[in-house]
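Here is how the chains run, residue by residue.
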Amino acid sequence: MTSRLSRAAALAAGPLLTVALLVPSASADVWVIHDATGDGSGGTSGGEGKWGDIGTVRVGHGARYVWLTIRPAPGGGPADFYDVWVDTKRTDPGPEFVVSVSAEVSKWTSVRRAGRWGRLGGARVCEVPTLQGPGYDGLVRLAVPRRCLRTDGAIPKRIRVAVRTTMEYTLADWAPGVRSFGRWVTAG
């Protein structure tokens, strides 16, 4: 009887944990970056600029996680790759980390040390499950543990991000702009 109850409790807890991970903490500092519409990739045929066109990036900096939601612009399509460049040091103008999601391997998100802008080959710091990978709707949701963004032994009190989408064949879009960050978001 006890094993049945513990198994039932474990099965009931699974969906609750998923819901808890999808909802950022009420104490998280939140900032939304709004990006221009129609500046994504035109695809291989050079059509409208809808592929990887970023509409908004929502950054929630909670006590344990950095919550990221990347939504496509109206009429925008999914990108092949989503890279979130994270700046944790005011004194260093470039990014310290890059959080990467691939449409081909969307179950896991890689957190790496960033070199200069545009370089993805830094040392892997963490690999975390992707809450919602890029599907046909182009929506991406991530919960990056703050411990993955540790710099000089300390977890950052504030961060700022820039998001780049790419297709296999070309750059698609940047938000808020090419190699530029949104505002600083303080941990809640």
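Scroll up to find the structure.
Chains are numbered independently. Their residues run from 1 in the order of the written sequence. Only residues with pLDDT of at least 70 are given local features in this predicted model, and only at 80 or more are side-chain atom pairs given and counted; all residues enter the totals for whole chains, interfaces and linings. For side-chain calculations, the full set of non-hydrogen atoms in the structure is used, while hydrogens and water are omitted.

1. Quick word on the pairing of strand β3 (residues 65–72)
- Strands were regarded as paired on the criterion that DSSP finds at least two bridges between them. Working definition: helices are DSSP H or I runs of at least four residues, strands are E runs of at least two. Numbering for both runs from the N terminus. Across 7 bridges, the pairing between strand β2 (residues 54–61) and β3 is antiparallel. Following the sheet pairing, Ile54 is matched in β3 by Pro72.
- From the end of β2 to the start of β3, which pair antiparallel, there are 3 residues.

2. A look at the sheet that holds strand β1 (residues 29–34)
- Ordered by their spatial adjacency, 4 strands build an open sheet running β1-β2-β3-β8, and the pairing between neighbours is antiparallel. Each edge of the open sheet carries a strand with a single partner, namely β1 and β8 (140–145). Here the strands of the sheet are splayed against their neighbours by 15° on average, with no regard to which way each runs.
- Here 6 bridges tie β3 to β8, and the two strands are oriented antiparallel to one another. Across the sheet, the residue bridging to Val66 is Val144, located in β8. A fitted line through C-alpha atoms represents every axis, and for helices the fit uses only the stretch in contact; the resulting angles, taken between N-to-C directions, go from 0 to 180 degrees.

3. Regarding unusual backbone geometry
- Ala175 connects to Pro176 through a cis peptide bond whose omega is 5°.
- Its location among the elements puts Pro176 in the loop between β10 (171–175) and β11 (185–186).
- Positive phi outside glycine occurs at Asp152, with the angle close to 50°.
- In this fold, Asp152 is placed in the loop between β8 and β9 (158–166).
- Residue classification places Asp152 among the exposed positions, given a relative accessible area of 70%.
- Its identity is not glycine, yet Arg179 carries a phi of approximately 50°, on the positive side. For each residue, the accessible area found with a 1.4 Å probe, counting protein chains only, is set against the maximum for its type, and the residue is called buried under 20%, exposed over 50%, and partly exposed in between.

4. Topic: the state of the cysteines
- Here, a disulfide means two cysteine sulfur atoms that sit within 2.5 Å of each other. All told, the structure shown has 1 disulfide when counted by the stated rule.
- Disulfide pairing is shown between Cys126 and Cys148; the S-S distance is 2.1 Å. Disulfide Cys126-Cys148: the torsion about the S-S bond is -100°, which places it as left-handed. Taken together, the positions of Cys126 in strand β7 (residues 124–129) and Cys148 in the loop between β8 and β9 put the pair 22 residues apart, joining distant regions of the chain.
- Residue classification places Cys126 among the buried positions, given a relative accessible area of 11%.
- Residue classification places Cys148 among the buried positions, given a relative accessible area of 0%.

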